[in-house]
Amino acid sequence: MLADLSPLIAATTEWLTRAYPACGGALASALCEVQARQAVTVSAWLCYPTAMDAGLVGVAGTGGSAALDRIGGAEPDDLADDWSWRSWVDEVVASWAACLLIDPELAARAVAGLADGEHTRGTPLEFRRLVEPDDLDREAAALLRHPDLLAPIADLHRPRLLTRLGPEQALVA
């Protein structure tokens, strides 16, 4: 079984950065991708908290990007040669990542929720660009962090994320 979520994280990050591209040049693209990858990584680790969960998603599959593509308004002709990586896109993880990208306080709660998880055991957590984006980060990822643009994706699975994080978990500054 695949206990590594890297294909899912890479594909979901790719989907987000294609759907909500960077505003600017190469540096902006890199900053946008880092923010998307951090949001997707946190979301994937929350969604699949154990090695067994990760292994099961590797066997069962993620569902792909078809529903997200429809919501995002992608045309079938635009997607013709992209199907292989799109099969690894996870709709729930993309939705949770969208929630985290538009709400830094929720992102901080999510990162705090990883503290005792299997994916982070013995590893220091560093998700600064997600939790505390500076002006350059926000400028580069203006589309990726725009609440109105991401709302259709974020709203898909927001209640499940809020349930996963629990109401009693304190906010982390």
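Residue numbers run consecutively from 1 along every chain, following the written order of its sequence. Local features are withheld for residues below a pLDDT of 70 in this predicted model, meaning they are given only at 70 or higher, and side-chain atom pairs are given and counted only at 80 or more; totals for whole chains, interfaces and linings count all residues. Remark: hydrogens and water are excluded; side-chain values derive from all non-hydrogen atoms of the structure.

**Some points on the environment of E33**
To keep things clear, this is the line we draw: Secondary structure follows DSSP: runs of H or I at least 4 residues long count as helices, runs of E at least 2 residues long count as strands, and numbering of each begins at the N terminus. Buried, partly exposed and exposed residues are distinguished by accessible area as a fraction of the type maximum, computed with a 1.4 Å probe on protein chains only: under 20%, between the cut-offs, and over 50%, respectively. Any two residues whose heavy atoms approach within 4.5 Å are treated as being in contact.
Inspection of the secondary structure assignment puts E33 in helix 2 (residues 26-47). For E33, a relative accessible area of 38% translates into the label partly exposed. Between the C-alpha atoms of E33 and T13, which are 20 residues apart in sequence, the distance is 7.2 Å. Ignoring any residue separated from it by four or fewer positions in sequence, one finds E33 in contact with T13 and T17.

**Digging into the environment of E91**
The test is simple: Polar contact criterion, stated in full: a pair of N or O atoms within 3.5 Å, where within protein one must be able to donate a hydrogen and the other to accept it, and residues adjacent in sequence count only if both atoms are side-chain atoms.
Considering the arrangement of structural elements, one finds E91 in helix 6 (residues 91-102). Distance from E91 to T12, taken between C-alpha atoms, is 8.1 Å for residues 79 residues apart in sequence. The residues contacting E91, other than those within four sequence positions of it, are A67, L68, L156 and H157. In this structure the side chain of E91 is engaged in a polar contact, spanning 2.8 Å, whose partner is the side chain of H157.

**What about the packing of helix 7 (residues 104-113) against helix 10 (residues 147-165)?**
The criterion, for reference: Helix axes use the C-alpha atoms of the stretch in contact, all axes being lines fitted to C-alpha atoms, and the angles between their N-to-C directions lie in the range 0 to 180 degrees. The cut-offs work like this: below 35 degrees is roughly parallel, past 145 is roughly antiparallel, 65 to 115 is roughly perpendicular, and the gaps in between are oblique. Left-handed describes a crossing whose near helix is turned anticlockwise from the far helix by less than a right angle; the clockwise case is right-handed. Side-chain classes follow a simple rule in which Ala, Val, Leu, Ile, Met, Phe, Trp, Tyr, Cys and Pro form the nonpolar group, Asp, Glu, Lys and Arg form the charged group, and the remainder, Gly included, forms the polar group.
For the pair helix 7 and helix 10, interaxial distance at closest approach is 10 Å and the crossing angle is 50°. Here helix 10 runs oblique to helix 7, going by the angle between their axes. Helix 10 is crossed by helix 7, and the crossing has left-handed handedness. For the pair helix 7 and helix 10, contact is made by L106, R109 and A110 and by L161, L162 and L165, respectively. Along the lines of polarity and charge, the residues of the contact of helix 7 with helix 10 split into 5 nonpolar, no polar and 1 charged.

**Some thoughts on the confidence of the model for the chain**
The condition is simple: Confidence per residue, as judged by the predictor, is encoded in pLDDT with a range of 0 to 100.
The share of residues in the chain with pLDDT of 70 or more is 88%, and the mean pLDDT across the chain is 87. The element-level mean pLDDT for the chain is lowest in helix 5 (residues 83-86), coming to 82, with helix 6 highest at 98. Confidence drops under pLDDT 50 across residues 169-173; counting only partners more than four residues distant or on other chains, this segment forms 9 contacts.

**Digging into the nonpolar core**
Quick reminder of the rule: In plain words, nonpolar cores are sets of buried Ala, Val, Leu, Ile, Met, Phe, Trp, Tyr and Cys residues tied together by side-chain atoms within 4.5 Å.
The biggest cluster of nonpolar side chains holds 47 residues, and the ones touching the most others in it are L5, V42 and L130. Contributions of two or more residues to this core are made by helix 1 (6-19), helix 2, helix 3 (51-60), helix 6, helix 7, helix 8 (128-131) and helix 10. Beyond its immediate sequence surroundings of up to four residues, L5 is in contact with A44, W45, Y48, A54, V57 and H119.

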